[in-house]
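Secondary and tertiary structure notes
The lines below spell out each chain.
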Amino acid sequence: MTLKDQFEQLKKDAEAELAFLKDEKTWEHVRTEYLGRKGKLADLMKELKSAAEQEKPFLGEMANRAKRELTDAFEKARRNVTGKRNEHAAFDVTLPGATFSTGHEHPLTTMQSEVADIFRSLNFSVVEGVELEDEWHNFEALNIPSTHPARDIQDTFFVKGDAGEKGRRVMRTHTSNMQIRVMETYTPPIRAVVIGRVFRNEATDASHQHSFHQVEGFVVDEHISIANLVHTLQAMLSGVFQKQVTVRLRPSYFPFVEPGFELDFACVNCNGRGCSVCKRSGWVEMLGCGMIHPNVFKAVGYPRGTYTGFAFGMGLERLAMMRYGIDDIRHFLGGDIRFLQQF
Ligand code: DAH
(Lines give C-alpha, C1' and ligand atoms only; values in the text may rest on other atoms or scores of the structure.)
Protein backbone atom coordinates (compact mmCIF):
# COMPACT_ATOMS: atom_id res chain seq x y z
CA MET A 1 0.00 0.00 0.00
CA THR A 2 1.35 3.42 -0.87
CA LEU A 3 1.66 5.97 1.86
CA LYS A 4 -1.24 7.89 0.28
CA ASP A 5 -3.46 4.83 0.45
CA GLN A 6 -2.47 4.28 4.05
CA PHE A 7 -3.63 7.80 4.95
CA GLU A 8 -6.92 7.18 3.12
CA GLN A 9 -7.39 3.88 4.94
CA LEU A 10 -6.68 5.52 8.30
CA LYS A 11 -9.41 8.06 7.63
CA LYS A 12 -11.90 5.37 6.65
CA ASP A 13 -11.11 3.30 9.74
CA ALA A 14 -11.52 6.30 12.00
CA GLU A 15 -14.83 7.29 10.44
CA ALA A 16 -16.15 3.75 10.77
CA GLU A 17 -15.32 3.72 14.48
CA LEU A 18 -16.72 7.18 15.06
CA ALA A 19 -20.06 6.17 13.61
CA PHE A 20 -20.65 3.81 16.52
CA LEU A 21 -19.56 6.04 19.38
CA LYS A 22 -21.86 6.07 22.37
CA ASP A 23 -20.33 8.42 24.87
CA GLU A 24 -17.57 10.90 25.46
CA LYS A 25 -15.38 8.39 27.19
CA THR A 26 -15.14 6.06 24.21
CA TRP A 27 -14.67 9.11 22.01
CA GLU A 28 -11.65 10.13 24.05
CA HIS A 29 -10.34 6.63 23.80
CA VAL A 30 -10.68 6.46 20.01
CA ARG A 31 -9.24 9.94 19.65
CA THR A 32 -6.05 8.99 21.50
CA GLU A 33 -5.81 5.88 19.39
CA TYR A 34 -5.80 7.95 16.20
CA LEU A 35 -4.65 11.45 17.03
CA GLY A 36 -2.65 10.87 20.22
CA ARG A 37 1.12 11.47 20.41
CA LYS A 38 1.72 7.80 19.93
CA GLY A 39 -1.38 7.26 17.80
CA LYS A 40 -1.88 5.85 14.33
CA LEU A 41 -1.58 9.23 12.60
CA ALA A 42 1.70 9.99 14.37
CA ASP A 43 3.04 6.60 13.25
CA LEU A 44 2.19 7.36 9.63
CA MET A 45 3.73 10.82 9.89
CA LYS A 46 7.00 9.23 10.94
CA GLU A 47 7.12 7.27 7.72
CA LEU A 48 7.10 10.52 5.75
CA LYS A 49 10.71 11.00 6.78
CA SER A 50 11.82 8.02 4.80
CA ALA A 51 9.99 9.07 1.63
CA ALA A 52 11.89 10.13 -1.47
CA GLU A 53 13.02 13.73 -1.26
CA GLN A 54 11.09 14.90 -4.35
CA GLU A 55 7.82 13.42 -3.06
CA LYS A 56 8.02 15.04 0.35
CA PRO A 57 6.23 18.35 -0.48
CA PHE A 58 3.33 16.48 -2.06
CA LEU A 59 3.11 13.88 0.70
CA GLY A 60 3.46 16.54 3.41
CA GLU A 61 0.53 18.48 2.04
CA MET A 62 -1.54 15.30 1.82
CA ALA A 63 -0.64 14.32 5.38
CA ASN A 64 -1.66 17.76 6.69
CA ARG A 65 -4.97 17.55 4.89
CA ALA A 66 -5.60 14.07 6.31
CA LYS A 67 -4.83 15.40 9.78
CA ARG A 68 -7.25 18.32 9.34
CA GLU A 69 -9.98 16.05 8.09
CA LEU A 70 -9.48 13.60 10.90
CA THR A 71 -9.53 16.37 13.50
CA ASP A 72 -12.77 17.73 12.02
CA ALA A 73 -14.35 14.28 11.99
CA PHE A 74 -13.48 13.81 15.66
CA GLU A 75 -14.84 17.20 16.60
CA LYS A 76 -18.10 16.45 14.83
CA ALA A 77 -18.35 13.09 16.54
CA ARG A 78 -17.77 14.68 19.93
CA ARG A 79 -20.64 17.12 19.40
CA ASN A 80 -22.82 14.20 18.51
CA VAL A 81 -22.06 12.21 21.61
CA THR A 82 -22.27 15.15 23.98
CA GLY A 83 -25.49 16.26 22.32
CA LYS A 84 -24.15 19.74 21.61
CA ARG A 85 -25.59 21.17 18.48
CA ASN A 86 -23.28 21.91 15.62
CA GLU A 87 -24.28 25.42 14.67
CA HIS A 88 -23.01 25.09 11.15
CA ALA A 89 -24.82 21.87 10.38
CA ALA A 90 -27.67 22.08 7.91
CA PHE A 91 -31.07 22.05 9.51
CA ASP A 92 -33.66 19.97 7.73
CA VAL A 93 -37.00 21.71 8.25
CA THR A 94 -38.92 18.83 6.69
CA LEU A 95 -37.97 16.39 9.44
CA PRO A 96 -40.75 15.68 11.95
CA GLY A 97 -40.28 17.62 15.19
CA ALA A 98 -39.01 15.93 18.30
CA THR A 99 -41.94 14.85 20.42
CA PHE A 100 -41.71 15.29 24.15
CA SER A 101 -44.22 14.08 26.66
CA THR A 102 -45.96 16.55 28.91
CA GLY A 103 -47.33 15.76 32.34
CA HIS A 104 -51.01 15.64 33.13
CA GLU A 105 -53.37 15.44 36.05
CA HIS A 106 -53.35 12.45 38.36
CA PRO A 107 -56.61 10.43 38.00
CA LEU A 108 -57.48 11.19 41.63
CA THR A 109 -57.10 14.91 41.04
CA THR A 110 -59.38 14.66 38.02
CA MET A 111 -61.92 12.70 40.02
CA GLN A 112 -61.68 15.23 42.84
CA SER A 113 -62.34 18.23 40.60
CA GLU A 114 -65.19 16.47 38.82
CA VAL A 115 -66.90 15.66 42.10
CA ALA A 116 -66.32 19.22 43.34
CA ASP A 117 -67.83 20.63 40.13
CA ILE A 118 -70.90 18.44 40.42
CA PHE A 119 -71.50 19.61 43.98
CA ARG A 120 -70.91 23.24 43.06
CA SER A 121 -73.60 22.83 40.42
CA LEU A 122 -75.92 21.65 43.23
CA ASN A 123 -75.09 24.83 45.14
CA PHE A 124 -72.72 23.27 47.68
CA SER A 125 -69.65 25.09 48.97
CA VAL A 126 -66.44 23.12 48.56
CA VAL A 127 -64.32 23.49 51.68
CA GLU A 128 -60.95 22.16 52.72
CA GLY A 129 -60.07 20.94 56.13
CA VAL A 130 -57.39 20.10 58.63
CA GLU A 131 -55.68 16.70 58.48
CA LEU A 132 -54.16 16.95 61.93
CA GLU A 133 -57.16 16.92 64.20
CA ASP A 134 -58.02 16.65 67.89
CA GLU A 135 -60.02 13.81 69.38
CA TRP A 136 -62.98 16.02 70.09
CA HIS A 137 -63.56 17.01 66.44
CA ASN A 138 -62.68 13.61 65.03
CA PHE A 139 -64.67 11.54 67.54
CA GLU A 140 -66.41 13.08 70.55
CA ALA A 141 -68.46 15.73 68.78
CA LEU A 142 -69.50 13.12 66.24
CA ASN A 143 -71.09 11.06 68.98
CA ILE A 144 -68.23 8.56 69.01
CA PRO A 145 -67.53 7.96 72.72
CA SER A 146 -64.08 7.20 74.07
CA THR A 147 -65.04 3.55 74.45
CA HIS A 148 -65.72 3.21 70.72
CA PRO A 149 -63.45 0.66 69.01
CA ALA A 150 -62.64 3.07 66.14
CA ARG A 151 -60.51 5.06 68.58
CA ASP A 152 -58.35 2.07 69.18
CA ILE A 153 -54.66 2.48 68.54
CA GLN A 154 -55.18 -0.26 65.91
CA ASP A 155 -57.15 2.12 63.70
CA THR A 156 -56.05 5.60 64.62
CA PHE A 157 -52.69 7.30 64.17
CA PHE A 158 -52.12 9.26 67.35
CA VAL A 159 -49.55 12.01 67.12
CA LYS A 160 -46.97 12.38 69.88
CA GLY A 161 -47.42 15.22 72.29
CA ASP A 162 -49.50 16.19 75.28
CA ALA A 163 -53.25 16.02 75.08
CA GLY A 164 -54.90 19.44 74.89
CA GLU A 165 -58.27 20.58 76.12
CA LYS A 166 -59.85 18.76 73.17
CA GLY A 167 -57.96 15.54 73.59
CA ARG A 168 -54.97 14.02 71.90
CA ARG A 169 -53.80 14.93 68.42
CA VAL A 170 -54.81 12.43 65.74
CA MET A 171 -54.44 12.17 62.00
CA ARG A 172 -58.09 12.44 61.03
CA THR A 173 -59.60 9.03 60.38
CA HIS A 174 -62.41 10.46 58.24
CA THR A 175 -63.53 13.74 56.75
CA SER A 176 -66.53 13.82 59.09
CA ASN A 177 -64.45 16.03 61.41
CA MET A 178 -65.25 18.84 59.00
CA GLN A 179 -68.97 18.56 59.71
CA ILE A 180 -68.11 19.80 63.17
CA ARG A 181 -65.67 22.50 62.06
CA VAL A 182 -68.09 23.91 59.52
CA MET A 183 -71.11 23.78 61.83
CA GLU A 184 -69.12 25.44 64.61
CA THR A 185 -68.42 28.35 62.30
CA TYR A 186 -71.61 28.79 60.28
CA THR A 187 -75.28 28.77 61.04
CA PRO A 188 -77.70 26.96 58.69
CA PRO A 189 -78.60 26.81 55.90
CA ILE A 190 -75.41 24.91 55.13
CA ARG A 191 -74.55 22.89 52.05
CA ALA A 192 -70.95 21.81 52.10
CA VAL A 193 -68.68 19.17 50.63
CA VAL A 194 -65.17 18.34 51.82
CA ILE A 195 -62.69 16.35 49.79
CA GLY A 196 -59.50 15.40 51.51
CA ARG A 197 -57.02 12.94 52.83
CA VAL A 198 -57.71 10.61 55.74
CA PHE A 199 -55.47 8.21 57.62
CA ARG A 200 -55.97 4.80 59.15
CA ASN A 201 -53.59 2.49 60.81
CA GLU A 202 -54.41 -0.58 58.78
CA ALA A 203 -52.65 -3.14 56.64
CA THR A 204 -52.47 -2.49 52.93
CA ASP A 205 -54.19 -4.68 50.38
CA ALA A 206 -55.98 -4.24 47.05
CA SER A 207 -58.74 -2.21 48.65
CA HIS A 208 -57.11 -0.68 51.76
CA GLN A 209 -54.40 1.88 52.26
CA HIS A 210 -53.22 3.73 55.32
CA SER A 211 -53.95 7.03 53.65
CA PHE A 212 -56.68 7.66 51.15
CA HIS A 213 -59.26 10.29 50.30
CA GLN A 214 -62.84 10.81 51.29
CA VAL A 215 -65.64 12.96 50.04
CA GLU A 216 -67.89 14.19 52.83
CA GLY A 217 -71.05 16.12 52.22
CA PHE A 218 -73.73 17.53 54.47
CA VAL A 219 -76.74 19.74 54.33
CA VAL A 220 -78.33 21.40 57.34
CA ASP A 221 -81.48 23.50 57.28
CA GLU A 222 -85.05 23.36 58.49
CA HIS A 223 -87.06 20.52 56.95
CA ILE A 224 -84.26 18.53 55.34
CA SER A 225 -85.44 14.96 54.67
CA ILE A 226 -84.22 11.58 53.51
CA ALA A 227 -85.75 12.38 50.10
CA ASN A 228 -83.25 15.27 49.80
CA LEU A 229 -80.44 12.89 50.69
CA VAL A 230 -81.45 10.34 48.06
CA HIS A 231 -81.92 12.94 45.36
CA THR A 232 -78.56 14.58 46.03
CA LEU A 233 -76.60 11.34 46.00
CA GLN A 234 -78.37 10.08 42.92
CA ALA A 235 -77.58 13.34 41.13
CA MET A 236 -73.94 13.13 42.21
CA LEU A 237 -73.49 9.53 41.03
CA SER A 238 -75.33 10.19 37.78
CA GLY A 239 -72.95 13.10 37.19
CA VAL A 240 -69.86 10.99 37.87
CA PHE A 241 -70.93 8.06 35.69
CA GLN A 242 -72.65 10.29 33.14
CA LYS A 243 -75.83 8.30 33.03
CA GLN A 244 -78.97 7.97 35.11
CA VAL A 245 -77.99 5.89 38.14
CA THR A 246 -80.43 3.97 40.35
CA VAL A 247 -79.72 3.95 44.09
CA ARG A 248 -81.06 2.10 47.11
CA LEU A 249 -80.64 2.53 50.86
CA ARG A 250 -79.96 -0.21 53.36
CA PRO A 251 -80.15 0.39 57.10
CA SER A 252 -76.74 0.69 58.71
CA TYR A 253 -75.11 2.21 61.76
CA PHE A 254 -72.79 5.20 62.14
CA PRO A 255 -72.76 6.99 65.50
CA PHE A 256 -73.22 10.45 64.01
CA VAL A 257 -76.40 9.73 62.04
CA GLU A 258 -79.86 8.46 62.94
CA PRO A 259 -81.20 6.75 60.97
CA GLY A 260 -78.03 5.60 59.24
CA PHE A 261 -77.81 3.93 55.85
CA GLU A 262 -75.53 2.39 53.39
CA LEU A 263 -76.21 3.52 49.84
CA ASP A 264 -75.81 1.12 46.92
CA PHE A 265 -76.21 1.93 43.27
CA ALA A 266 -77.25 -0.37 40.43
CA CYS A 267 -74.01 -1.54 38.83
CA VAL A 268 -73.13 0.80 35.94
CA ASN A 269 -71.05 -1.92 34.33
CA CYS A 270 -73.85 -4.46 33.79
CA ASN A 271 -76.92 -2.27 34.45
CA GLY A 272 -77.81 -4.39 37.46
CA ARG A 273 -77.73 -7.72 35.67
CA GLY A 274 -74.76 -9.02 37.64
CA CYS A 275 -71.06 -9.03 36.70
CA SER A 276 -67.63 -9.31 38.31
CA VAL A 277 -67.60 -5.62 39.32
CA CYS A 278 -70.75 -6.00 41.44
CA LYS A 279 -69.87 -9.55 42.45
CA ARG A 280 -72.94 -10.84 40.54
CA SER A 281 -75.31 -8.95 42.86
CA GLY A 282 -76.22 -6.14 40.47
CA TRP A 283 -75.53 -3.59 43.23
CA VAL A 284 -72.38 -1.77 44.28
CA GLU A 285 -71.91 -0.55 47.86
CA MET A 286 -70.90 3.05 47.62
CA LEU A 287 -71.14 5.07 50.80
CA GLY A 288 -72.38 5.64 54.30
CA CYS A 289 -74.99 8.27 54.98
CA GLY A 290 -77.89 9.25 57.18
CA MET A 291 -79.74 12.00 58.99
CA ILE A 292 -77.45 13.98 61.28
CA HIS A 293 -77.74 12.83 64.88
CA PRO A 294 -79.20 15.36 67.38
CA ASN A 295 -76.08 14.86 69.53
CA VAL A 296 -73.98 16.33 66.71
CA PHE A 297 -76.14 19.46 66.60
CA LYS A 298 -75.87 19.64 70.36
CA ALA A 299 -72.07 19.42 70.22
CA VAL A 300 -71.82 22.42 67.89
CA GLY A 301 -74.32 24.41 69.95
CA TYR A 302 -77.28 24.55 67.57
CA PRO A 303 -80.62 25.13 69.32
CA ARG A 304 -82.45 21.92 70.05
CA GLY A 305 -85.12 20.78 67.61
CA THR A 306 -84.60 23.55 65.07
CA TYR A 307 -82.64 21.94 62.31
CA THR A 308 -82.44 18.67 60.44
CA GLY A 309 -79.77 17.59 58.02
CA PHE A 310 -78.22 14.75 56.13
CA ALA A 311 -74.61 13.69 55.78
CA PHE A 312 -72.66 11.19 53.74
CA GLY A 313 -69.09 10.03 53.34
CA MET A 314 -67.41 7.97 50.67
CA GLY A 315 -63.98 6.98 49.40
CA LEU A 316 -62.66 8.99 46.47
CA GLU A 317 -60.39 6.12 45.39
CA ARG A 318 -63.32 3.73 45.35
CA LEU A 319 -65.24 6.11 43.13
CA ALA A 320 -62.29 6.51 40.76
CA MET A 321 -61.78 2.74 40.68
CA MET A 322 -65.39 2.25 39.61
CA ARG A 323 -65.24 5.06 37.12
CA TYR A 324 -61.99 4.01 35.43
CA GLY A 325 -62.12 0.27 36.05
CA ILE A 326 -59.05 0.14 38.33
CA ASP A 327 -58.73 -3.05 40.35
CA ASP A 328 -56.14 -2.16 42.99
CA ILE A 329 -56.13 0.92 45.21
CA ARG A 330 -52.33 0.75 45.53
CA HIS A 331 -51.93 1.93 41.93
CA PHE A 332 -52.93 5.48 42.86
CA LEU A 333 -49.91 6.26 45.00
CA GLY A 334 -47.60 3.62 43.54
CA GLY A 335 -45.92 6.14 41.25
CA ASP A 336 -45.74 3.71 38.34
CA ILE A 337 -45.57 5.90 35.25
CA ARG A 338 -47.16 3.15 33.11
CA PHE A 339 -50.29 3.31 35.26
CA LEU A 340 -50.44 7.11 35.20
CA GLN A 341 -49.93 7.36 31.45
CA GLN A 342 -53.21 5.58 30.84
CA PHE A 343 -55.24 8.59 31.93
N1 DAH B 1 -67.13 8.69 58.33
C2 DAH B 1 -67.56 7.43 57.82
C3 DAH B 1 -66.32 6.57 57.53
O4 DAH B 1 -65.27 7.04 57.62
C5 DAH B 1 -68.34 7.60 56.56
C6 DAH B 1 -69.64 8.25 56.78
C7 DAH B 1 -70.76 7.51 57.09
C8 DAH B 1 -69.74 9.63 56.69
C9 DAH B 1 -71.98 8.09 57.29
C10 DAH B 1 -70.98 10.25 56.93
C11 DAH B 1 -72.08 9.45 57.21
O12 DAH B 1 -71.12 11.58 56.86
O13 DAH B 1 -73.30 10.07 57.40
O14 DAH B 1 -66.45 5.43 57.22
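For every chain, the first residue of the written sequence is number 1, and numbering continues from 1 onward in sequence order. It should be noted that, the model being predicted, local features are given only for residues of pLDDT at least 70 and side-chain atom pairs only at 80 or more, the latter also being counted only at that level, while totals for whole chains, interfaces and linings use all residues. To obtain the side-chain values, all non-hydrogen atoms of the structure were included, while hydrogens and water were left out.

1. A look at the packing of helix H3 (residues 40-48) against helix H4 (residues 56-82)
Orientation is described by lines fitted to C-alpha atoms, with helices fitted over the stretch in contact, and by angles between N-to-C directions that extend from 0 to 180 degrees. A run of DSSP states H or I qualifies as a helix once it reaches four residues; a run of E qualifies as a strand once it reaches two. Both are numbered from the N-terminal end. Close contact between H3 and H4 brings their axes to 10 Å; oriented N to C, the two are set at 170°. One finds that H3 runs roughly antiparallel with respect to H4. In this structure, H3 contributes Leu41, Met45 and Leu48 to the contact, and H4 contributes Lys56, Leu59, Ala63, Lys67 and Leu70. Its residues placed into classes, the contact of H3 with H4 shows six nonpolar, no polar and two charged. The cut-offs work like this: below 35 degrees is roughly parallel, past 145 is roughly antiparallel, 65 to 115 is roughly perpendicular, and the gaps in between are oblique. When checking whether two residues touch, look at their non-hydrogen atoms; a contact exists if any pair is within 4.5 Å. Here the nonpolar group is Ala, Val, Leu, Ile, Met, Phe, Trp, Tyr, Cys and Pro; Asp, Glu, Lys and Arg are the charged ones; every other residue, Gly included, is treated as polar.

2. Digging into the pairing of strand S3 (residues 158-164)
Every other side chain in a regular strand lies on the same face of the sheet, so the side chains alternate between the two faces. Across the seven residues that make up S3, only a small minority, zero, are buried. A pair of strands is labelled paired if DSSP reports no fewer than 2 bridges between them. Across three bridges, the pairing between S3 and strand S4 (residues 167-171) is antiparallel. Each residue of the ladder has a partner; that of Gly164, found in S4, is Gly167. The loop that links S3 with its antiparallel partner S4 comprises two residues. Each residue is placed in one exposure class: buried if its accessible area under a 1.4 Å probe, protein chains only, is under 20% of its type's maximum, exposed if it is over 50%, and partly exposed if it falls in between.

3. Thoughts on the packing of aromatic side chains
Any two of the Phe, Tyr and Trp rings considered here, Trp counted by its six-membered ring, make a pair once their centres fall within 6.5 Å; the pair's planes then place it as stacked at under 30 degrees, edge-to-face at over 60, or tilted in between. In total, this model carries 11 aromatic pairs according to the counting rule given. Judged by centre distance (6.1 Å) and plane angle (45°), the ring pair of Tyr34 and Phe74 falls under tilted. Taken together, the residues Tyr34 in helix H2 (residues 24-35) and Phe74 in helix H4 connect sequence positions 40 residues apart. As far as burial versus exposure is concerned, Tyr34 and Phe74 are alike and both buried. Aromatic side chains Phe119 and Phe312 sit 5.7 Å apart centroid to centroid with 20° between the ring planes, which places their arrangement in the stacked category. Taken together, the residues Phe119 in helix H5 (residues 107-121) and Phe312 in strand S10 (residues 308-315) connect sequence positions 193 residues apart.

4. Some points on the pattern of salt bridges
Note on definitions: salt bridges are taken to be side-chain nitrogens of Lys or Arg within 4 Å of carboxyl oxygens of Asp or Glu. This structure, assessed with the given rule, holds 19 salt bridges. Arg31 is the salt-bridge partner of Glu28, the closest N and O atoms lying 3.4 Å from each other. Residue Glu28 and its partner Arg31 are both found in helix H2; the two are separated by three residues, about one turn of the helix. Given the relative accessible area of 31%, Arg31 is considered partly exposed. Ionic contacts of the salt-bridge type, sharing partners, join the residues Glu135, Glu140, Arg151 and Arg168 into one network.

5. Some details on H4
Take the residue count of a helix, subtract one, and multiply by 1.5 Å to get its expected span. Given a rise of 1.5 Å per residue, 27 residues ought to cover 39 Å, and the 38 Å separating the end C-alpha atoms of H4 matches this to within 8%. Every buried residue belonging to H4 is among Leu59, Met62, Ala63, Ala66, Leu70, Ala73, Phe74, Ala77 and Arg78, and all of these are buried. Tucked inside the fold, the buried residues of H4 contact helix H1 (3-18), H2 and H3. Gly83, located one to two residues past H4, shows a positive phi value of around 80°.

6. Digging into the sheet that holds S4
Strand order in the open sheet formed by three strands is S2-S4-S3, and the pairing between neighbours is antiparallel. The open sheet has two edge strands with one neighbour each: strand S2 (132-134) and S3. Direction aside, neighbouring strands of the sheet carry axes that sit 25° apart on average.

7. Details of the domain arrangement of the protein chain
Entries for the protein chain in the domain assignment read domain 1 (3-82) and domain 2 (107-340). The split into domains, and so the bounds of each, comes from an automatic or database assignment of domains. A C-alpha centroid distance of 74 Å is found between domain 1 and domain 2.

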